[in-house]
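# Overview (structure and organization)
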Amino acid sequence: MARVAIEEGYFTVPDDPAEAPRLLGSRCGACGEHFFPRRQVCARCLHDGCDDVELGPTGRLWTWTYVHVPLFAKKNAKVSAYGVGQVDLPEGPRVQALLVGGPDDFEIGMEMVLDLETLRTDDDGNDVVIMRFSPHRAAGAHEGGERP
Amino acid sequence: MGSHGIKDRVAIIGMGCTPFREHWDRSTDDLAIDAVAEATASAGVSVPDIDAWWLGTAQSGMSGITLAAPLKLEGKPVTRVENYCATGSEALRQACYAVASGAYDVAAAVGVEKVKDSGYQGLNAFPIPNDGTNRTLTAAAMFSLVAPAYAEKYGVDPTELRRTLARIASKNHANGAHNPRAQFRREMDVDAICRMPEVAGMLSVFDCAGVADGGAAAIVVRAEDAHRYTDSPLYVKALSFVAGNGSGLLDPDYDYTHFPECEWAARDAYAQAGITDPRRELAMAEVHDCFTPTELVLMEDLGFSERGHAWEDCEAGVFDLHGDLPVNTDGGLKSFGHPVGASGLRMLFECWLQLRGEAPEDRRIDTAARGLALTHNLGGYPGEMVSFVGIWGTGRE
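Residues numbered from 1 in each chain as written. Chains lettered and ligands numbered in written order. Predicted model: local features only at pLDDT ≥ 70, side-chain atom pairs only at ≥ 80, totals over all residues. Heavy atoms only, no water.

### Overview of the nonpolar core
Residues and elements named next belong to chain B. With 62 residues, the main nonpolar core has Phe259, Phe304 and Ile391 as its most contacted residues. With 6 residues, the top contributor of residues to this core is helix H8 (residues 260–273). Ignoring any residue separated from it by four or fewer positions in sequence, one finds Phe259 in contact with Phe143, Val146, Tyr254, Thr294, Val297, Leu298, Asp301, Leu378, Pro382 and Met385. Membership of the second largest hydrophobic core comes to 46 residues, among which are Ile6, Met15, Trp54 and Cys351. (Core = buried A, V, L, I, M, F, W, Y, C linked by side-chain atoms within 4.5 Å. Buried < 20%, exposed > 50% of the residue type's maximum accessible area, 1.4 Å probe, protein only. Helix = DSSP H or I, 4+ residues; strand = E, 2+ residues; numbered from the N terminus. Contact = heavy atoms within 4.5 Å.)

Now the structure itself:
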């Protein structure tokens, strides 16, 4: 069964489910600043003509919260609470995204990795996926977690 | 070029403020009329004596007709303003400038909001201008992001910080318990607040301000005319406003432990008023405690505490009712709820009572030595907000 992004233009959906997705961002051709999501004009130097690049898939958790009263999930009875974090990508941008895990699973500075979650199945039988970050449990993930 | 302010050129001569609560039996019109009636009686003027009006309401009506119709004004200018959660203060700011310019002799600022009829449990979302990629979270969740970032930056144990936040709420509820105009009038201790249902991050239900219906009004004249109306006017020392450009959303240098828009507004206000040491010169402050981490960070942004030390000052009772610098002596947004158009003027109403020695005895503070008060609003979210700072005083240079 194929996987399709809930919204085109924000993240890749690799054919191999074991492969980490990447964020679809931009790099300014003039000053080199990176952005997510994509943009045409650089927000730093106003150069018109950013290049498409792929960002991530890892990042570090800057700050986070765990939402017990979801504003936008009231229409989905299966969602009662969720984590949200600000994740700093190695290329520079800070991305706000859903987090995988419970309220005791997050720690500032921890390494996070992007993955995809199936939200529903569409009429053609495809898995509709959304992006989120989960704690990277690999050895040494917490090293270098000091803030600048 | 420069921000010069209008220090001591405008005086407040009368104020009114309705109770803030679920006014099921009162319309927006009723609340505006009640606030204006109390303000005009307090100033000893009648509605036709007022030459121009500014109405602050975020979502309870459009255009000046929202006020002109219930007050049955005839041939008078009414300007409706909106600036997020600083809407009430913005109405007052414009009324003060109108009087200072000489355009009008007597002006009124009225703030009113009927929130409880909206059918939402919180404030109905403002449509913040965006490019379609903005953050979508509850306001509580947005401000809850501040707490872990603050704890990490300053090396505060998150468990300890959580109790400090609850202490802020507890302090404001203790003050509000003494205020008949407040919506929530029960004292809440730190343990009880920590046990309340969780909302987002460290925040429980009682770390969040409620919503309410309410109205408030102020009448202003040129300072030299003030004593024709009252022996104890308040003089406008500073009016400052900053609309952030939203760069905190894009810029990873924004660290979620401070609100630059509030720092800028405070710096400008202190310059206008000639204040160099707010912690020791102000008698009191009414600040925008929409969520407890907001009040914590504001103590630093407004220059009351050193960076990274507001949590210690909160724990030491510096901002308690009889602390060195009492903050939110009326109970704050925590006790009142937040009818957006009215809140800024409700804060000024508390300064009006306290600086003139008219606050009820059980929450009265000693303002004689310092004679200056500050009000502050913010609207929006960390990284993209507006901020107002006003300073008011009993003396005139």
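### A few points about the packing of helix H6 (residues 158–176) of chain B against helix H10 (residues 292–301) of chain B
Residues and elements named next belong to chain B. H10 packs onto H6 with a crossing angle of 95° between their chain directions and a minimal axis gap of 9 Å. Overall, the two elements H6 and H10 adopt an arrangement that is roughly perpendicular. For the pair H6 and H10, contact is made by Leu161, Leu165, Ile168, Ala169, Lys171 and Asn172 and by Thr292, Pro293, Glu295 and Leu296, respectively. When the residues that make up the contact of H6 with H10 are grouped by side-chain class, the tally is 6 nonpolar, 2 polar and 2 charged. (Axes fitted to C-alpha atoms, helices over the stretch in contact; angles between N-to-C directions. Parallel < 35°, antiparallel > 145°, perpendicular 65-115°, else oblique. Nonpolar A, V, L, I, M, F, W, Y, C, P; charged D, E, K, R; others polar.)

### Comments concerning the interface of chain A and chain B
Of the residues lining the interface, 25 residues belong to chain A; the matching set on chain B comes to 21 residues. Among the residues chain A hides against chain B, the three largest losses belong to A:His68, A:Arg94 and A:Gln96. Together they make up 23% of the total. The interface formed by chain A and chain B includes 0 salt bridges. Across the contact surface, chain A and chain B share 9 residue pairs in polar contact (both at pLDDT 80 or more). Residue assignment for the side of chain A that touches chain B shows that the elements contributing at least two residues are strand E5 (58–67), strand E6 (82–88) and strand E7 (94–99) of chain A. In terms of residues, the side of chain A that touches chain B owes the most to one element, E5(A), which gives 6 residues. Partitioned by chemical class, the residues of the side of chain A that touches chain B number 15 nonpolar, 6 polar and 4 charged. (Buried area = accessible area lost by both parts, 1.4 Å probe. Salt bridge = Lys/Arg side-chain N within 4 Å of Asp/Glu carboxyl O. Polar contact = N/O pair within 3.5 Å; in protein donor to acceptor, adjacent residues only side chain to side chain.)

### Observations concerning the packing of aromatic side chains
Residue and element names in this part refer to chain B. For the structure on display, the rule yields 10 aromatic pairs over all chains. Here Tyr254 and Tyr256 contribute two aromatic rings whose centre-to-centre distance is 4.9 Å and whose plane-to-plane angle is 50°, an arrangement assigned as tilted. One residue, Arg346, lies across the ring of Phe336, its end atom 4.7 Å from the ring centre. Cation over ring: Arg356 sits above Trp352, and NZ or CZ is 3.6 Å from the ring centre. (Phe/Tyr/Trp six-rings, centres within 6.5 Å; stacked < 30°, edge-to-face > 60°. Lys NZ or Arg CZ within 6 Å of the ring centre and 35° of its normal.)

### Focus: the sheet that holds strand E10 (residues 372–381) of chain B
Residues and elements named next belong to chain B. The 9 strands lie next to each other as E3-E2-E4-E7-E1-E8-E11-E10-E9, forming an open sheet whose pairing is mixed. The two strands at the open ends of the sheet, each matched to only one other strand, are strand E3 (78–81) and strand E9 (284–286). Across the sheet, the axes of successive neighbouring strands diverge by a mean angle of 25°, strand direction being ignored. Of the pairings in the sheet, the one linking strand E1 (residues 10–17) to strand E7 (residues 213–222) comprises 7 bridges and is antiparallel in character. (Pairing = 2+ DSSP bridges.)

### A closer look at the side chain of A:Thr12
Residues and elements named next belong to chain A. Checked against the element boundaries, Thr12 lands in the loop between strand E1 (3–5) and strand E2 (23–28). On the basis of relative accessible area, Thr12 is assigned to the buried category, the value being 17%. Of note is the side chain of Thr12, whose polar atom sits 2.8 Å from the backbone nitrogen of Arg22. Contacts of Thr12, omitting those with residues within four sequence positions, involve Pro21, Arg22, Leu24, Glu54 and Leu116.

### Some points on helix H13 (residues 340–355) of chain B
An α-helical segment advances 3.6 residues per turn. Residues three or four places apart therefore align on the same side. All names here are of chain B. Relative to the 22 Å expected for 16 residues at 1.5 Å per residue, H13 spans 24 Å between its end C-alpha atoms, a close match to the ideal helical length. Of all the 16 residues making up H13, 16 are buried; the element is thus mostly covered by neighbouring parts of the structure. Where H13 terminates, the next one or two residues include Gly357, which has phi positive at roughly 70°. (Expected span 1.5 Å × (residues − 1).)

### A word on the domain arrangement of chain B
Residue and element names in this part refer to chain B. Looking at the assigned domains, one finds that chain B contains domain 1 (10–120 + 213–234) and domain 2 (139–207 + 236–393). On a C-alpha basis, the centres of domain 1 and domain 2 stand 24 Å from each other. Listed by partner, the interface residues are 44 residues for domain 1 and 32 residues for domain 2. Taking both partners together, domain 1 and domain 2 bury about 3000 Å²; carbon and sulfur atoms supply 71% of that area. Interface area lost by domain 1 to domain 2 is led by Phe20, Cys85 and Leu234, which between them contribute 26%. At the boundary of domain 1 and domain 2, one finds 1 salt bridge. With its nearest N and O atoms 2.6 Å apart, the salt bridge here joins Arg181 to Glu38. The tally of links from domain 1 across to domain 2 stands at 9 residue pairs in polar contact (both at pLDDT 80 or more). Listing elements by their share of the side of domain 1 that touches domain 2, those giving two or more residues are E1, helix H1 (28–43), helix H3 (87–100), strand E4 (106–114) and E7. No other element matches the 8 residues that H3 contributes to the side of domain 1 that touches domain 2. (Domains from an automatic or database assignment.)

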